[in-house]
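# Summary of structural features
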Protein chains: 2
Amino acid sequence: MAYVRRLFKSRAFSTLPATPTPAFPGEYPNAWMKTAYPGPRSLELTKQLGKVQHAGMVHFFVDYKASQGNYIVDVDGNRYLDIFCQIASLPMGYNHPAIQAAIQNPDNLALLTQRPALSNLPPEGWTDMIQSSLGAVQPKECSEIVTLMCGSCSNENAFKSAFIWYQTKARGGKPPTAEDLESSMHNSAPGSPALSILSFQGGFHGRLLGCLSATHSKAIHKVDIPAMDWPVAPFPRLKYPLDAFAAENAEEEARCLAQIDAILTAHNKTKSETSEVAGMIVEPIQAEGGDHHASPAFFQALRQLATDHGVAFIVDEVQTGGGSTGEFWAHEHWNLSNPPDMVTFSKKLQTGGFFAKPEFRPVEAYRIFNTWMGDPVKMIQLQAFVDTVKGDHLLENTRITGDFLLKGLHALATSYPDLVSNVRGVGTYIAIDFPSPAIRDNLLVKLRQHGLQCGGCGDRALRFRPALVFQPRHAAETLDILDQVCRDHRKE
Amino acid sequence: MAYVRRLFKSRAFSTLPATPTPAFPGEYPNAWMKTAYPGPRSLELTKQLGKVQHAGMVHFFVDYKASQGNYIVDVDGNRYLDIFCQIASLPMGYNHPAIQAAIQNPDNLALLTQRPALSNLPPEGWTDMIQSSLGAVQPKECSEIVTLMCGSCSNENAFKSAFIWYQTKARGGKPPTAEDLESSMHNSAPGSPALSILSFQGGFHGRLLGCLSATHSKAIHKVDIPAMDWPVAPFPRLKYPLDAFAAENAEEEARCLAQIDAILTAHNKTKSETSEVAGMIVEPIQAEGGDHHASPAFFQALRQLATDHGVAFIVDEVQTGGGSTGEFWAHEHWNLSNPPDMVTFSKKLQTGGFFAKPEFRPVEAYRIFNTWMGDPVKMIQLQAFVDTVKGDHLLENTRITGDFLLKGLHALATSYPDLVSNVRGVGTYIAIDFPSPAIRDNLLVKLRQHGLQCGGCGDRALRFRPALVFQPRHAAETLDILDQVCRDHRKE
């Protein structure tokens, strides 16, 4: 792959910034395409898979053994630079030696061989495992740590915790009455109360039935599935670059906050709506919905609204958590005086779960429970991740690489103003927009044909979700491929 | 532990039946209690865990390295015979050599090191992995195989598949309209339709919000959590032993079937109810709710009712699946002429997921989807399990051991008619009742104090959920401990 580094001829990009992070051991020098995309072997395997399940979502079949660091290798021998990273769930690239070592450590064999029912029968070192991994990145005041399966499962258990907290508060701390218990068995009030979770237009919180009622990113996720009658509020649609539209953006955020206040008033104060809102859930950056940002001031005001209306403030860090914004949690950028009540996580952390303030622990046992309550295998991987983030300065690496990538994308937008717009992001958690869904979808395929494994979000965005081992040289290669594909597109 | 084998003095129990299954290599000879239960180290660790999460569900802390076969060892050095097996999720005992070997196989390292987004980026051998493990135990006509996370996740995705199938049928096979798509984004009809899943009193299908609306086993799981307004039907409450109450039981089943028919008629034919029922979900044996059985004739009639009312027939084999009834799937005992539309699984299979008839595959991509869609680590374990079930004749072992255990429990009920009743089950999937919830809870602790790790279900049942490597000698030891504890209780 011999792209001319057009963008990098200019002085601003002639040298790559240094980062304190070591290069990924044994990583490939660059992307390299051996066949067309998708390759013939991938196509054949996709056809085979189609015999047992829907195979219409396959990008390509992967040779996970051959994949290394930021490069994913397909079954046709094509090597892609990966800025999508398993839908933002790969923390430190492929075959990271620290994770390999943890998996191969004979001390971990017993936990890899059987999966405990963690709340009933925890392994000897379980509390230490939680404290040294999740405890090491615990958000302020959220001393309660619950491990779970996946992002949806984490959000739904946070919802359940909010409902239990809200009803317990309403009863003045007393346990449920006999009538509550009895009626709940028939899905009826008062035991099954008309409570809701407030969510946002464009938000994504998963696809299980409760989460799906709080998800509003794409209709194909929701249509034909019955939903809880839960309220939906507007989320700001800002203009980028943010500093060029400061006044308009502030106005847009004020508009949304006023509507959120009105919704919460209708549900919880005047009670003109049928449900009371027990919690609100928000992503620090609306990811699946199209990488929509809002300002720290917006989130500070939102947090205050939650407090004012007696509503749990749940921050969904399933996609933003784990360091790619340059802080371990994206909400750290907000500088809140009153921290979130709950923070949910999954993806890069491998384990699902949530952090909560102590008052969200139910009094009674077995209210937040399932068979497995997480998985020690994922905690072993998480420990290696958390240790390496610190030891290899991966947050600093992500900040330096992200700044460099952002600068390059701004230059790209200047070179292709008809094609690339709304460059936005923090750390390497970045997106750009193309003019239309059709052009974006077409360019996603072209980018893969040129060796960039990537994914979209919203209608017309390309999202950057590289691993934390993504370094300036990978950012430069990404920019080169983008430049090439944009240039080719212009010629068409 | 020197129990007098009182029960086994009689001729019927003087010799243990032979099974074709090899003894578990290196297994302990028996349970052995070194300290009181719970031991001092477990109590100390429970207190520590209580600082980060609710620790009120802990039985004891486990030394998973030292546990072997049917014996679980706690951190105080106590060794319990385990008939609970991680809430029925441990397939072949602790540290089974076939699973250890699979985990340590260097060919599997890459899949243990990173978790793929399986629907987008499957590993090279993915279709083969599915076909040689799940495909080898696939229920009749259910050629569609979807892997997922856990039991709840599997049931909710089966519900979603039923809703999509039902609405697609209602539209005559056409895709959703623009109005459907648009309205679904606001949780409103027609895109978010008033559809429901019929479930049964005493049923348990998980604790996520959709599943929880179909769960009716214990109020503490449900209270304070909002529910979907879904219908609940009666499930037979039979008298045991079944053959002694044939006429009464047939009447009870007919009563339930008539009510189920009436509910489905009201929802789907006369439409006097607000929702249409898209699917029904049933456990072959209601487990969490108290091990309630029904006859093959009942399930044959239930399946027919589903067909007659145009409703998907979903069999939840999360707890019953994986061989402990003596067949790999419990519904194989029913001899249905028209197989289930979907069969959900998790627990012993390690991976969650469901099988479905081909018409339940959505036409459009991304309707049944999440980031991971299962986990190759669990498929590696499942492959070892499925191969060993066959190679070591574990189903036959379970049938032989289960018959022996049942016979012994009937003898126990004869010895302690005031204490033990309603002996019931198939294979080793067995339960007995004690006179009251208080006595049952007290005896669960006593049994652990005597080295039997066990769990209850319903109000007053003890459930037997041993692994498939549970053999007659373990059944004999179980009976001895039960005998001892019952004898002691009588003296109190």
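Definitions and cut-offs
Residues numbered from 1 in each chain as written. Chains lettered and ligands numbered in written order. Predicted model: local features only at pLDDT ≥ 70, side-chain atom pairs only at ≥ 80, totals over all residues. Heavy atoms only, no water. Least-squares fit on C-alpha atoms with pLDDT ≥ 70 in both. Contact = heavy atoms within 4.5 Å. Helix = DSSP H or I, 4+ residues; strand = E, 2+ residues; numbered from the N terminus. Buried < 20%, exposed > 50% of the residue type's maximum accessible area, 1.4 Å probe, protein only. Pairing = 2+ DSSP bridges. Axes fitted to C-alpha atoms, helices over the stretch in contact; angles between N-to-C directions. Parallel < 35°, antiparallel > 145°, perpendicular 65-115°, else oblique. Left-handed = near helix turned anticlockwise from the far one by under 90°. Nonpolar A, V, L, I, M, F, W, Y, C, P; charged D, E, K, R; others polar. pLDDT = per-residue confidence, 0-100.

This brings us to the relation of the copies chain A and chain B. Under the fitted operation, chain A is carried onto chain B by 0.0 Å of movement along the axis and a turn of 180°, and the coordinates agree to an RMSD of 0.0 Å. The transformation just described matches what one would write down for a two-fold rotation axis. Residue by residue, 99% of the interface of chain A is reproduced at the interface of chain B, so both copies engage with the same surface.

Residue and element names in this part refer to chain B. By secondary structure assignment, the location of His-205 is in the loop between strand 4 (195-200) and helix 8 (209-212). A residue is classified by how much of its surface remains accessible, and His-205, at 2% relative accessible area, is buried. Ignoring sequence-local partners within four residues, the contact set of His-205 consists of Ser-152, Asn-155, Cys-211, Ala-214, Thr-215, Ile-281, Val-282, Glu-283 and Asp-316.

This paragraph deals with the sheet that holds strand 4 (residues 195-200) of chain A. All names here are of chain A. What the seven strands build is an open sheet, ordered 3-9-8-7-6-4-5; its pairing is mixed. Each of the sheet's edge strands pairs with one partner strand only, and the pair in question is strand 3 (144-148) and strand 5 (232-233). One ladder, built from four bridges, connects strand 6 (residues 276-282) with strand 7 (residues 312-316); its direction is parallel. Among the inter-strand pairings, Met-280 is bridged to a residue of strand 7, identified as Phe-313.

This paragraph deals with the packing of helix 13 (residues 394-415) of chain B against helix 15 (residues 472-491) of chain B. Helix-helix packing is described using two parameters, namely the angle between the two axes and the distance between the axes. Residue and element names in this part refer to chain B. Contact geometry for helix 13 and helix 15: axes closest at 9 Å, N-to-C directions at 15°. In terms of their interaxial angle, helix 13 and helix 15 are classed as roughly parallel. The crossing of helix 13 and helix 15 is right-handed. Residue-level inspection shows Asn-397, Thr-401, Phe-404, Leu-405, Gly-408, Leu-409, Leu-412 and Ser-415 of helix 13 in contact with helix 15, the latter providing Pro-472, Ala-475, Ala-476, Leu-479, Leu-482, Asp-483 and Arg-490. Along the lines of polarity and charge, the residues of the contact of helix 13 with helix 15 split into nine nonpolar, four polar and two charged.

So, on to the confidence of the model for chain A. Looking at chain A as a whole, its pLDDT mean stands at 96, while 97% of the residues score no less than 70. In the predicted assembly, ipTM is 0.96 and pTM is 0.97.

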